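Below are the chains, spelled out letter by letter.
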Amino acid sequence: MNSYVAGGWGAAAMILILYSWRTVRRGRILAHYVPAAGDAGDAPSQVAPDPEKPWR
Amino acid sequence: MASPPLPAKDTFPADAPAVRSGAGEVPDRSPTRMAVSRLVSPGRRGTADRVTRILGIASLVAVAVTAWLGLVVSPPDVNQGQLVRLLYVHPAAATTFYVAFGLCALASLAYLWPRTRSLRWDHLAAASAEVGVVFCAITLVTGSIWGRPTWGVWWTWDARLTLTALLLASFIGYLALRQIIRDPRSKRSVCAVVAIVFALLVPVDHEATSWWQTLHQPNTLLRPNPLVHGWQLVAMLASFVAYALIFAWLIVHRYRVEVLEERFQEEGMAAAIAERRAEGQEGTTTAGIPRPGIAMASTSVAENGQGNQ
């Protein structure tokens, strides 16, 4: 295969995989700290004391 | 001493109460709205659910079909040779970021419009802007890789390329602006206006090859006689389907992340307010030095007179 073709497909795949992984991971971490919608009124807060975003 | 109870939260719609729904208003529980709420609401374990799993599997299948068509079935081009296979990743990415930035502008417009104002539009604008930036970056990278053997340079200040780079820089700035402005209401309004202004570049970028003499080739498909035929056309159309599915999958995930971020910040504000109230009732200042983020958040709530928009 042409190296430019491999590079183009590989770069696109790499960017998409990394961004997808980061987005899903952000969601998992946030969901761990924030109660689900149905729990919002009655569940005790599980929020971390540090207001900075925890995935950074 | 225990802190006084916080006002009960409206737990419906699931992602966030709409700006236009006032206190005591009966929430709309129509099937359509319930379906939308389910689609946009994150679950207990993250942003994945049955919808995203179906979209994800469909995306993987579409990518596999595109790869098979583009790398195996499609013949080399008469002029470009093997480099034509890069066209199965580049134009579809460009179309996707056009759609993403256009969606960002439309959602921002809907947020600014008083009759449709809702937090959901702001979430959608933020999600589509970030996903659009990713696809815009893919467009520039794959285009550059295609340009090196075709034009002899990795980059040239062609009108199409320059405008695409400008769009990328603009929407990165938009995402930065969302992080900089601390007051939520100001942030949403200012960013909505900025997104609409930036998105005006999208049609200019698309028409750049028609309006100016450019090195970039003109539109391949949107013309009376398309420049690709046969298996090349099939592979290109498959790439559009694959990118559309990936875009939908990413938008759903990213939107739910936005909802979770909003809740996370609200919870942080609520905790800060409760802490301040407890301090006030105890009449002491021994609670320690407040962290800047919490202090700023609670001050902002106090100034606005509301914490849950």
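This is a predicted model, so every value here is computed, not measured.

## Structural notes on the overall build of chain B
Here's step 1: Looking only at helices and strands, chain B features nine helices and zero strands.
Here's step 2: Reading chain B from its N terminus to its C terminus gives the helix and strand order α-α-α-α-α-α-α-α-α.
Here's step 3: Across the 309 residues in chain B, those meeting the buried criterion constitute 46%.
Here's step 4: In chain B, 76% of the contacts between residues at least 6 apart in sequence involve partners at least 24 apart.
Here's step 5: Total accessible area computed for chain B in this model is approximately 15400 Å², and 66% of it derives from carbon and sulfur atoms.

## With respect to the packing of aromatic side chains
All names here are of chain B.
Here's step 1: Counting across every chain of the model gives 11 aromatic pairs over all chains.
Here's step 2: Consider the rings of F135 and Y243, whose centres lie 5.7 Å apart with planes at 65°: the pair is edge-to-face. Of the two residues, F135 is situated in helix α4 (residues 119-151) and Y243 in helix α8 (residues 230-282); the sequence distance between them amounts to 108 residues. The pair formed by F135 and Y243 is uniform in burial state, with each residue classed as buried.
Here's step 3: Put simply, the rings of F97, Y98, F101, F171, Y174 and F198 touch in pairs and so form one group of aromatic residues.
Here's step 4: Over the aromatic face of Y111 sits the side chain of R117, whose NZ or CZ is 4.7 Å from the ring centroid.

## Here's the deal with the confidence of the model for chain B
All names here are of chain B.
Here's step 1: The pLDDT averaged across chain B works out to 81; a share of 80% of its residues lies at or above 70.
Here's step 2: Highest mean pLDDT in chain B belongs to helix α3 (residues 90-112) (96); lowest belongs to helix α9 (residues 292-304) (43).
Here's step 3: Low pLDDT, under 50, characterises residues 1-26; the stretch is placed with 52 contacts to residues that sit more than four places away or in other chains.
Here's step 4: Long-range and interchain partners of residues 286-309, a stretch whose pLDDT sits below 50, account for 32 contacts in this model, where long-range means more than four residues apart.
Here's step 5: In the predicted assembly, ipTM is 0.76 and pTM is 0.76.

## Looking at the packing of α3 of chain B against α8 of chain B
For any two helices packed against each other, the geometry is given by the interaxial angle and the distance between the axes.
All names here are of chain B.
Here's step 1: Orientation of α3 relative to α8, taken along the N-to-C sense of each, is 40°, at an axis distance of 9 Å. In the packing of α3 onto α8, the handedness of the crossing is right-handed. Facing α3, whose interface residues are P91, A92, A93, T95, T96, V99, A100 and L103, α8 presents M236, S239, F240, Y243 and F247.
Here's step 2: For the contact of α3 with α8, the residue count by class is 10 nonpolar, three polar and no charged.

Thresholds applied
Residues numbered from 1 in each chain as written. Chains lettered and ligands numbered in written order. Predicted model: local features only at pLDDT ≥ 70, side-chain atom pairs only at ≥ 80, totals over all residues. Heavy atoms only, no water. Helix = DSSP H or I, 4+ residues; strand = E, 2+ residues; numbered from the N terminus. Buried < 20%, exposed > 50% of the residue type's maximum accessible area, 1.4 Å probe, protein only. Contact = heavy atoms within 4.5 Å. Areas by Shrake-Rupley, 256 points an atom, 1.4 Å probe, with all protein chains shown as cover. Phe/Tyr/Trp six-rings, centres within 6.5 Å; stacked < 30°, edge-to-face > 60°. Lys NZ or Arg CZ within 6 Å of the ring centre and 35° of its normal. pLDDT = per-residue confidence, 0-100. Axes fitted to C-alpha atoms, helices over the stretch in contact; angles between N-to-C directions. Left-handed = near helix turned anticlockwise from the far one by under 90°. Nonpolar A, V, L, I, M, F, W, Y, C, P; charged D, E, K, R; others polar.

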